[in-house]
2 protein chains.
Amino acid sequence: MRSASESAPRRGWRQGDAFAPVAVRRQWRAGGVQDGVAAVCPRVVIVGGGFGGLEAAKALASAPVEVLLVDRRNHHLFQPLLYQVATAALSPADVAWPIRRILRRQRNARVLMAEVTGVDAARREVLLGARREPYDFLIVASGATHSWFGHDEWAPFAPALKTLADATAVRRRILTAFERAEASDDPAERERLCTFLIVGGGPTGVEMAGAVAELARQSLPGDFRRIDTRKTRVVLVEAGPRLLASFPEALSGYARRALEKLGVEVRLHSPVTRCDERGVELGEERIDAATVVWAAGVRASPAGNWLNAPTDRAGRIVVASDFSVPGLPGVFAIGDTVLARDAAGRPLPGVAPVAKQQGAWVARLIARRVRGAADPAPFRYRDAGQLATIGRRAAVADFGWLRLSGWLAWWFWGLVHIYFLIGARSRMMVALEWLWSYLTHDRGARLITRD
Amino acid sequence: MRSASESAPRRGWRQGDAFAPVAVRRQWRAGGVQDGVAAVCPRVVIVGGGFGGLEAAKALASAPVEVLLVDRRNHHLFQPLLYQVATAALSPADVAWPIRRILRRQRNARVLMAEVTGVDAARREVLLGARREPYDFLIVASGATHSWFGHDEWAPFAPALKTLADATAVRRRILTAFERAEASDDPAERERLCTFLIVGGGPTGVEMAGAVAELARQSLPGDFRRIDTRKTRVVLVEAGPRLLASFPEALSGYARRALEKLGVEVRLHSPVTRCDERGVELGEERIDAATVVWAAGVRASPAGNWLNAPTDRAGRIVVASDFSVPGLPGVFAIGDTVLARDAAGRPLPGVAPVAKQQGAWVARLIARRVRGAADPAPFRYRDAGQLATIGRRAAVADFGWLRLSGWLAWWFWGLVHIYFLIGARSRMMVALEWLWSYLTHDRGARLITRD
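Keep in mind that what you see is a predicted model, and the values were worked out from it rather than measured.

Enquirer: Help me out: how do you make sense of the overall build of chain A in this one?
Expert: Across its full length, chain A holds 12 helices and 24 strands. What you see for chain A is a C-alpha radius of gyration of 24 Å, in line with the 22 Å of a compact globule of 451 residues. With respect to the principal axes defined by its C-alpha atoms, chain A has extents near 80 × 45 × 45 Å. Within chain A, contacts between residues separated by at least 24 positions form 61% of all contacts whose residues are at least 6 apart in sequence. If you sum the accessible surface of chain A, you get close to 18800 Å²; carbon and sulfur atoms cover 53% of it. Of the charged side chains in chain A, 62 are positive and 45 negative; the average position of the first set lies 7 Å away from that of the second.

Enquirer: Sorry if this is basic, but what is going on with the relation of the copies chain B and chain A here?
Expert: Each of the two chain copies can be generated from the other by rotation about an axis followed by a shift along it. The two copies are related by a screw operation: chain B maps onto chain A through 180° of rotation and 0.0 Å of translation along the axis, at an RMSD of 0.0 Å. Expressed as a symmetry operation, the mapping of one chain copy onto the other fits a two-fold axis.

Enquirer: I would appreciate a short explanation of the pairing of strand β5 (residues 109-113) of chain B in the present structure.
Expert: Taken residue by residue, a regular strand's side chains alternate between the two faces of the sheet. All names here are of chain B. Of all 5 residues in β5, 4 are buried, a share of seventy percent or more. Sheet analysis places strand β2 (residues 66-71) next to β5, joined by 5 bridges and oriented parallel. Along β5, the bridge assignment pairs D71 with M113.

Enquirer: In this structure, what is going on with a positive patch on the surface? I would like to understand it.
Expert: A contiguous patch of positive charge, built from R364, R368, R371, R380 and R382 of chain B, is present on the exposed surface. Following the sequence through the fold, R371 of chain B ends up in helix α10 (residues 352-371).

Enquirer: Can you help me understand empty space enclosed by the protein in this one?
Expert: Over the atoms rolls a probe the size of a water molecule, and its path tells where empty space is left. Scanning the model with the defined rule gives 7 cavities of 30 Å³ or more in all. In this structure, the largest cavity spans a volume of roughly 280 Å³. Looking at the largest cavity, it is lined by 24 residues, and the ones nearest its centre are T168 and T449 of chain A together with P92, T168 and T449 of chain B. Listing elements by their share of the lining of the largest cavity, those giving two or more residues are α5 (164-183) of chain A together with α5 (164-183) of chain B. It is α5 of chain B that provides the largest number of residues to the lining of the largest cavity, a total of 5 residues. Looking at side-chain class alone, the lining of the largest cavity contains 11 nonpolar, 6 polar and 7 charged residues.

Enquirer: What is the right way to read unusual backbone geometry from this model?
Expert: What you tend to see is this: most non-glycine residues have negative phi, and most peptide bonds are trans. Residue and element names in this part refer to chain B. If you check the backbone angles, A88 has positive phi at about 70° while not being a glycine. Along the chain, A88 falls in the loop between α3 (82-86) and β4 (96-98). For A88, a relative accessible area of 0% puts it in the buried group. Its identity as a non-glycine residue notwithstanding, H441 has a phi of 65°, on the positive side. Relative to the assigned elements, H441 resides in the segment after α12 (424-440). Assessed through its relative accessible area of 28%, H441 is described here as partly exposed.

Enquirer: I tried to follow the packing of aromatic side chains on my own but got confused; where do I start?
Expert: Geometrically, a pair of aromatic rings is defined through the distance of the ring centres and the angle of the planes. Applying the stated criterion across every chain yields a total of 33 aromatic pairs over all chains. With centroids separated by 5.8 Å and ring planes inclined at 65°, the aromatic side chains of W154 of chain A and W294 of chain A adopt a geometry described as edge-to-face. On the criterion of sequence distance, the pair formed by W154 of chain A in the loop between β10 (144-146) and α5 and W294 of chain A in strand β17 (residues 291-294) is long-range, its members being 140 residues apart. W294 of chain A carries the same exposure label as W154 of chain A, and that label is buried. Put simply, the rings of W148, F149, W154 and W294 of chain B pair up and form one aromatic cluster. A cation sits over an aromatic face here: R392 of chain A above Y438 of chain A, 4.7 Å from the ring centre.

Enquirer: Can you help me understand the sheet that holds strand β17 (residues 291-294) of chain B in this one?
Expert: Pairing between the strands of a sheet comes from backbone hydrogen bonds, and it takes one of two forms, parallel or antiparallel. Residue and element names in this part refer to chain B. Spatially, the 4 strands line up as an open sheet ordered β13-β12-β11-β17, and their pairing is parallel. At either margin of the open sheet sits one strand with a lone partner, and together these are β13 (264-267) and β17. Averaged over neighbouring strand pairs, the angle between their axes works out to 20° when direction is ignored. Where strand β12 (residues 233-237) meets β13, 4 bridges bridge the pair, whose relative direction is parallel. Across the sheet, residue V235 finds its bridge partner in β13, namely E265. Of the strands in this sheet, β11 (195-199) and β17 touch α5, which is tilted by about 160° from β17.

Enquirer: It is not clear to me how the pairing of β12 of chain B should be interpreted in this structure. Could you clarify?
Expert: Residues and elements named next belong to chain B. Of all 5 residues in β12, 4 are buried; the element is thus mostly enclosed. As defined by bridge partners, β11 adjoins β12 across 5 bridges and the pair is classed as parallel. Its bridge partner lying in β12, I198 is registered against L236. Tracing the backbone out of β11, into helix α7 (residues 203-219) and back to the parallel element β12 gives a crossover that is right-handed. In terms of handedness, the path from β12 via helix α8 (residues 249-261) over to β13 forms a crossover that is right-handed.

Enquirer: Just checking my understanding: could you explain the packing of helix α12 (residues 424-440) of chain A against α12 of chain B for this structure?
Expert: Axes are the key here: two packed helices are described by the angle between their axes and the distance separating the axes. At a closest axis distance of 11 Å, the pairing of α12 of chain A and α12 of chain B adopts a crossing angle of 170°. In terms of orientation, α12 of chain A lies roughly antiparallel with respect to α12 of chain B. For the pair α12 of chain A and α12 of chain B, contact is made by A424, R425, M428, M429, L432, E433 and W436 of chain A and by A424, R425, M428, M429, L432, E433 and W436 of chain B, respectively. Among the residues forming the contact of α12 of chain A with α12 of chain B, the class breakdown is 10 nonpolar, no polar and 4 charged.

Enquirer: Looking at this model, I keep getting lost on the sheet that holds strand β24 (residues 403-405) of chain A. Mind explaining?
Expert: Residues and elements named next belong to chain A. Taken together, the 3 strands give an open sheet; going across it, the order is β22-β23-β24, and neighbouring strands pair in antiparallel fashion. With one partner strand each, in any of the chains shown, β22 (386-391) and β24 form the two edges of the open sheet. In this sheet, neighbouring strand axes are inclined to one another by 10° on average, regardless of whether the strands run parallel or antiparallel. One ladder, built from 5 bridges, connects β22 with strand β23 (residues 394-398); its direction is antiparallel. The residue bridging G391 from the neighbouring strand is A394, located in β23. Set on the sheet, helix α8 (residues 249-261) makes contact with β22, β23 and β24; between it and β23 the angle comes to about 170°.

Enquirer: How should the interface of chain B and chain A be read in this particular structure?
Expert: Think of interface size as the accessible area that goes away when the parts come together; that is how it is often given. Counting from both sides, the interface comprises 52 residues of chain B and, opposite them, 52 residues of chain A. Linking chain B to chain A there are 26 residue pairs in polar contact (both at pLDDT 80 or more). Counting residues per element, the ones that place at least two in the side of chain B that touches chain A are β4, α4 (99-102), β5, α5 and α12 of chain B. At 9 residues, α5 of chain B tops the list of elements feeding residues into the side of chain B that touches chain A. Looking at the side of chain B that touches chain A residue by residue, the class counts come to 23 nonpolar, 10 polar and 19 charged.

Reading the values: rules and limits
Residues numbered from 1 in each chain as written. Chains lettered and ligands numbered in written order. Predicted model: local features only at pLDDT ≥ 70, side-chain atom pairs only at ≥ 80, totals over all residues. Heavy atoms only, no water. Helix = DSSP H or I, 4+ residues; strand = E, 2+ residues; numbered from the N terminus. Rg over C-alpha atoms; globule rule 2.2 N^0.38 Å. Contact = heavy atoms within 4.5 Å. Areas by Shrake-Rupley, 256 points an atom, 1.4 Å probe, with all protein chains shown as cover. Lys, Arg positive; Asp, Glu negative; His and termini not counted. Charge placed at Lys NZ, Arg CZ, Asp CG, Glu CD. Least-squares fit on C-alpha atoms with pLDDT ≥ 70 in both. Buried < 20%, exposed > 50% of the residue type's maximum accessible area, 1.4 Å probe, protein only. Pairing = 2+ DSSP bridges. Patch = residues over 30% accessible without salt bridge, like charges linked within 9 Å, V, L, I, M, F, W, Y side chains within 5 Å. Salt bridge = Lys/Arg side-chain N within 4 Å of Asp/Glu carboxyl O. 1 Å grid on protein atoms, 1.4 Å probe; cavity = no way out; pocket = protein on both sides within 12 Å on 5 of 7 lines; lining within 4 Å. Points joined across faces, edges and corners; volume = space filled by probe spheres on them. Nonpolar A, V, L, I, M, F, W, Y, C, P; charged D, E, K, R; others polar. Phe/Tyr/Trp six-rings, centres within 6.5 Å; stacked < 30°, edge-to-face > 60°. Lys NZ or Arg CZ within 6 Å of the ring centre and 35° of its normal. Axes fitted to C-alpha atoms, helices over the stretch in contact; angles between N-to-C directions. Right-handed = clockwise from strand over helix to strand, strands pointing away. Parallel < 35°, antiparallel > 145°, perpendicular 65-115°, else oblique. Polar contact = N/O pair within 3.5 Å; in protein donor to acceptor, adjacent residues only side chain to side chain.

Here it is in structure tokens:
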């Protein structure tokens, strides 16, 4: 059963009907047509310019709809490479692009930089502070944010990586720690400053630990006079029994050995019980570390609150199999902000391909409904595999039918990531930055900046 | 007459003598040699890693001294291209490099990231908060900062360009103004948001005005739906009778015409009498502008206060012809923080070549004194000419014997700036960014970020 408001264009709306399409309501306000209109172009509002929202907008390019994409930032961010900004290998502009630039040739799309504060589902309007944007269809793709598992007081000591500002802040902490160690006359303090602890053994934690170790062991030596950055201690802490829990066990083992070869201490079965300005506690044990990076938990954006929709423990909206939010006609939610399951009932992972496929599918659904066609075949996630890199010539790739580790996986990882960047300029620049780093061990963006 | 402390190494210092070389005082502290030492390696402390300080450090590479370069930032900044960061053409990492990376092969040099809080000339120590760094020779090259001509209350409304953080803040303001204009329903507010006012008709103001006009007229159109960025108003305000006052009049005229061709309103004889959150006042006239950039005045760093030395109205230390600070043995000051004059008594301009030549000359002076050789020939500024760019294929160059304007000057400007960047990586990256922008009118770093 579909509600009327989700159906194809039709006539006969009555003045004042809150569920009339946006185009009809606009004409009432303008004092135009009284009841209904002949041609209605429904309005799709997309909240969030991440992988899911952007893909949905693009997939609506040829649909007879007007698209409004709202994001509180002006840029789409390629999060999988954010750790390279945090470790001074890439610049923010290498991994982020203005959303309106990406959509500039799509004539039915508009982009608005604004912060969503709520949704008035009764009037079918998105609230942006004092401003209201009406919708016929709403796609909520507002992603996820950090979670310190109920310990938000740890945030100042263990910053996480989600935005460009997070990445440059972590970069500042890492580089400042080495500067302060070089300046310090106290051996204990120098040791604390040269200890870097990463919490969370998922792909971000593994990549971050490998990148910090390479920075310290390969890029920085020679630049300092009083400290030996090759003696830097990098500790990767994971609460569970293995790294990269979503990968096959053999690849987890490879990742651990590869990190240890880089000099990273891998601590499994080690839940963090406390973070403070001196370091962290792992149960009884205390590790003094000036720089702690949190790569352990995420929670969904507050979209569940905006919509007053039921969520799971991580704040993810529980959606129907067509990503509609139960009880809210015309409202869909996708990506990291929802709990979606595959055919076998397993939750889908919070990765870019899931969000992109969901975005494209919901866009197709809306386009077909607007045209009065039948719904598409039910959504099915096509798992293209997963990748994680550890360091120079070391990565793991799992395609289900094929598992790779080592240099071949590393080259594959690099090519895939360059392929998925947006635009020829970024591909060229990132490829050159990587080539340069590969040949020289140098990092291009070792800047300590602060607004 | 030279003071003893500035002389070549000698024996016979008496325990506790505050003027004994640093190496001797260290050995006293360590309980070593009692009175004097055989071989003394004097210590040169350089404050500031800008053009002057860095050049001085490099020029001491083969001198029998130990060099300590202190800067409160970790990077050397190529200020002539900072306006390109502010207008989204280049990334911060394209125009800044870690100082310790630049000096890493210079074994007699150490780099310390710390903020100078004063100088204890009696004990010959630089104060860095609680820390003290002794010197035999001190080169103060701490540069300049903004000046709002006694109106510091204008600073929040008319930010200036001196640091990377300034540049990304100005970039954020410019890009946010267009975003807010696109979102606004109020025509007057849209007009105010699409008005950009640059105060100061020197090279920075001219380059900034040209770059904002090109951003609005060539890069942004097509990305917006509700505003036409080609109608952006860019106003360049200069108190004096012409732009680029240090250039020949013919080139000033060319710069003005080139800017007007780009759609910039040039207002001469227009001193700013007030800045507030709505815009600026030029005497009776009021211009509403959401974004104002201050490119009008600089004042010297507080080095005059640290040294308790006489300064001019702009805070610049009045130095002797050998850049020594009168009354302070072993202390020199160079670059934007001093008032230096050429042979004819005219003040030298606050540009990179002046600071670099002064830095190299003072380093040579110190090296010769340490070796017991005669002082070098008096400093003479070799004026290599001046350059300013207005926009695509438009620039002015003045070499004294040759004056250029137009596309040839523009190509020359580009080549010179790429040549003076540090390292092959930056040269390659900036050249590619420029080539890309030239071909596509695109800008690589249109990011609104905030820490």
